[in-house]
Amino acid sequence: MAPAIDQRSRSSKPTTIHGFAQSGDLLNFLRLLKDNPSLLHERNPVMAQTPLHVSAGYNKAEIVKVLLDWKGQEKVELEAKNMYGETPLHMAAKNGCNEAAKLLLSHGAFIEAKANNGMTPLHLAVWHSLRSDDCSTVKTLLEYNADCSAKDDDGMTPLNHLSPGPGSEKLRQLLNQYLEEQTKRKALEACSQTKAKMDELEQGLSNIVGLNELKSQLRKWARGMLLDERRRALGLKIGARRPPHMAFLGNPGTGKTMVARILGKLLHMVGILPTEKVTEVQRTDLVGEFVGHTGPKTRRVIKEAEGGILFVDEAYRLIPMQKSDDKDYGLEALEEIMSVMDSGKIVVIFAGYSEPMKRVIYSNEGFCRRVTKFFQFDDFTSKDLANIAHIKMNNQIDSSLLYGFKLHSSCTLDAIAALIERETTEKQRQEMNGGLIDPMLVNARENLDLRLDFDCMDTDELLTITIEDLEAGIRCLSN
């Protein structure tokens with residue numbers, strides 16, 4: 001009598017790409033893949049895993065290597081995710097498949113990939129090590145600098161998953177050793193970045209003429225924020241700094257708007273603001289023309305400015321000069337702005353003439369509690385204005401009318417300062433301040449064009465503004 005055929009054993013033989021990946025049957029795996037290269041991306045039922053998931057999860061290193069080195073037009077998805085959001089590296093880690101993990105990492109697998117529950121491969125490797133007392137995959141991930149401080153969706157690090165007791169002591173020591181090394185490395189990187197950012201800050205401050213008190217305050221903020229970065233890199237838990245609200249007091253042309261723009265970049269650089277944008281507004285941008293219009297209008301402006309600086313120019317115009325029986329809509333706009341200043345989402349700068357700004361300061365009892373920094377923008381001296389002229393000529397962008405031009409060697413700071421002192425009145429300097437420089441330089445270039453011959457071939461002469469050109473340029477301002 002013929003022996004019975006074991007139908008169960010025959011049916012259990014793998015026939016699919018995933019089955020061959022699981023069993024490690026390289027010949028049949030290659031046969032299927034060559035016939036149909038699109039099987040590289042084939043997902044199995046239920047788990048939605050690719051062949052790379054399966055071979056990595058069963059430590060079939062030969063199959064993993066074939067997939068990673070596949071030369072056809074189709075390329076394996078190294079970061080493909082299954083139904084749980086796990087990558088092939090997750091699968092290797094959770095099953096302690098060290099050889100597969102090494103192959104994946106050597107081909108650039110993302111070591112900090114997160115599954116749907118926020119767990120990284122290191123989290124899963126730790127879980128496997130606790131069950132099997134095998135730390136080899138954990139060691140491999142750590143050698144590739146897996147982050148020991150990474151948190152899953154429950155706020156747990158790989159270390160947090162270790163239960164107390166001697167059974168996990170070896171694993172705890174290993175993770176703590178690498179955590180300490182990573183913390184030191186992060187601190188060194190933060191130190192290097194801090195120095196670079198301070199250099200960038202000083203470069204920005206070099207373009208601000210005068211305002212020594214403001215510069216000093218900016219340095220204090222920057223140093224504090226950058227040191228906080230280093231503290232956090234060392235694993236220290238510290239409170240977040242609140243954004244400083246300010247008032248800029250001074251005449252037009254003293255650099256209030258320019259400083260606000262530089263300030264936006266600096267506060268973003270040191271981490272106080274998430275963006276460097278500066279939203280510049282005046283009364284007409286905030287105040288409506290009828291009842292119920294101002295609130296929504298002001299709130300839209302505030303929303304637009306979130307994450308950066310809201311620069312309210314001529315802020316005193318929000319407050320009427322004389323009390324009236326009718327409520328001025330400007331007061332409503334100011335109240336809307338004041339209501340969001342404690343949120344931490346925005347930095348507000350109120351700017352305007354010193355004397356009229358007192359109306360704003362005393363109009364709301366919470367103003368001085370929220371606006372803690374007041375900076376006086378003094379009128380520029382002739383020497384300051386000469387310095388501004390030099391800075392502008394040395395920092396022209398390619399879209400500027402003066403791009404490519406330079407000042408003659410005779411245009412020293414002292415020579416330009418003497419020219420400004422001689423050719424302008426004190427009242428004119430007070431009314432224009434830095435606003436005097438741009439038109440003077442543009443007029444000077446026009447004078448250069450007038451005095452040059454069309455057949456001039458001297459490239460240096462074609463681009464050089466002289467002290468005579470500057471003199472002609474500044475005289476045009478009085479005409």
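Described below are features of the structure shown in this document. Source: prediction; values computed, not measured.

1. Here we look at the overall build of the chain
Part 1 of the argument: Each helix and strand counted, the chain has 23 helices and seven strands in total.
Part 2 of the argument: Along the first, second and third principal axes, the C-alpha atoms of the chain reach 125 × 70 × 45 Å.
Part 3 of the argument: Buried residues in the chain amount to 45% of all 479 residues.
Part 4 of the argument: Looking at the chain alone, contacts between residues at least 24 apart form 72% of all its contacts between residues at least 6 apart.
Part 5 of the argument: Only carbon and sulfur atoms are counted for the fraction: they give 51% of the accessible area of the chain, which is about 25,500 Å².
Part 6 of the argument: Averaging the locations of the 61 positively and 66 negatively charged side chains of the chain gives two centres separated by 8 Å.

2. With respect to the pattern of salt bridges
Part 1 of the argument: If you walk through the whole model with that rule in mind, you get 18 salt bridges.
Part 2 of the argument: For Asp342, the salt bridge goes to Arg370, with nearest N and O atoms at 3.4 Å. Of this pair, Asp342 sits in the loop between helix H15 (329-340) and strand E4 (347-352) while Arg370 sits in helix H17 (residues 367-370), and the two are 28 residues apart along the sequence.
Part 3 of the argument: Accessibility expressed as a relative area gives 38% for Asp342, which makes it partly exposed.
Part 4 of the argument: Residue classification places Arg370 among the buried positions, given a relative accessible area of 17%.

3. Focus on the packing of helix H18 (residues 382-394) against helix H21 (residues 437-451)
Part 1 of the argument: Relative to each other, H18 and H21 sit at 60 degrees, their axes nearing to 10 Å. Here H18 lies oblique to H21, going by the angle between them. Taken as a pair, H18 and H21 cross one another with a handedness that is right-handed. Along the contact surface, H18 presents Leu385, Ile388, Ala389, Lys392 and Met393, while H21 presents Ile437, Asp438, Met440 and Leu441.
Part 2 of the argument: Looking at side-chain class alone, the contact of H18 with H21 contains seven nonpolar, no polar and two charged residues.

4. What about the layout of surface pockets?
Part 1 of the argument: In this structure, the largest pocket spans a volume of roughly 1,100 Å³.
Part 2 of the argument: Along the wall of the largest pocket there are 39 residues; nearest its centre are Thr257, Met258, Arg261, Ile262 and Lys392.
Part 3 of the argument: Looking at the lining of the largest pocket, the element that brings in the most residues is helix H12 (residues 256-269), giving eight residues.
Part 4 of the argument: Along the lines of polarity and charge, the residues of the lining of the largest pocket split into 17 nonpolar, 13 polar and nine charged.
Part 5 of the argument: The calculated volume of the second largest pocket comes to roughly 300 Å³.
Part 6 of the argument: Lining the second largest pocket are 14 residues, and of these Ser149, Leu179, Arg232, Gly235 and Lys237 sit closest to its centre.
Part 7 of the argument: Elements with a minimum of two residues in the lining of the second largest pocket: helix H10 (169-205) and helix H11 (212-233).
Part 8 of the argument: The dominant element in the lining of the second largest pocket, judged by the number of residues it contributes, is H10, at three residues.
Part 9 of the argument: Here the lining of the second largest pocket is built from residues that sort into six nonpolar, four polar and four charged.

Cut-offs and rules
Residues numbered from 1 in each chain as written. Predicted model: local features only at pLDDT ≥ 70, side-chain atom pairs only at ≥ 80, totals over all residues. Heavy atoms only, no water. Helix = DSSP H or I, 4+ residues; strand = E, 2+ residues; numbered from the N terminus. Buried < 20%, exposed > 50% of the residue type's maximum accessible area, 1.4 Å probe, protein only. Contact = heavy atoms within 4.5 Å. Areas by Shrake-Rupley, 256 points an atom, 1.4 Å probe, with all protein chains shown as cover. Lys, Arg positive; Asp, Glu negative; His and termini not counted. Charge placed at Lys NZ, Arg CZ, Asp CG, Glu CD. Salt bridge = Lys/Arg side-chain N within 4 Å of Asp/Glu carboxyl O. Axes fitted to C-alpha atoms, helices over the stretch in contact; angles between N-to-C directions. Parallel < 35°, antiparallel > 145°, perpendicular 65-115°, else oblique. Left-handed = near helix turned anticlockwise from the far one by under 90°. Nonpolar A, V, L, I, M, F, W, Y, C, P; charged D, E, K, R; others polar. 1 Å grid on protein atoms, 1.4 Å probe; cavity = no way out; pocket = protein on both sides within 12 Å on 5 of 7 lines; lining within 4 Å. Points joined across faces, edges and corners; volume = space filled by probe spheres on them.

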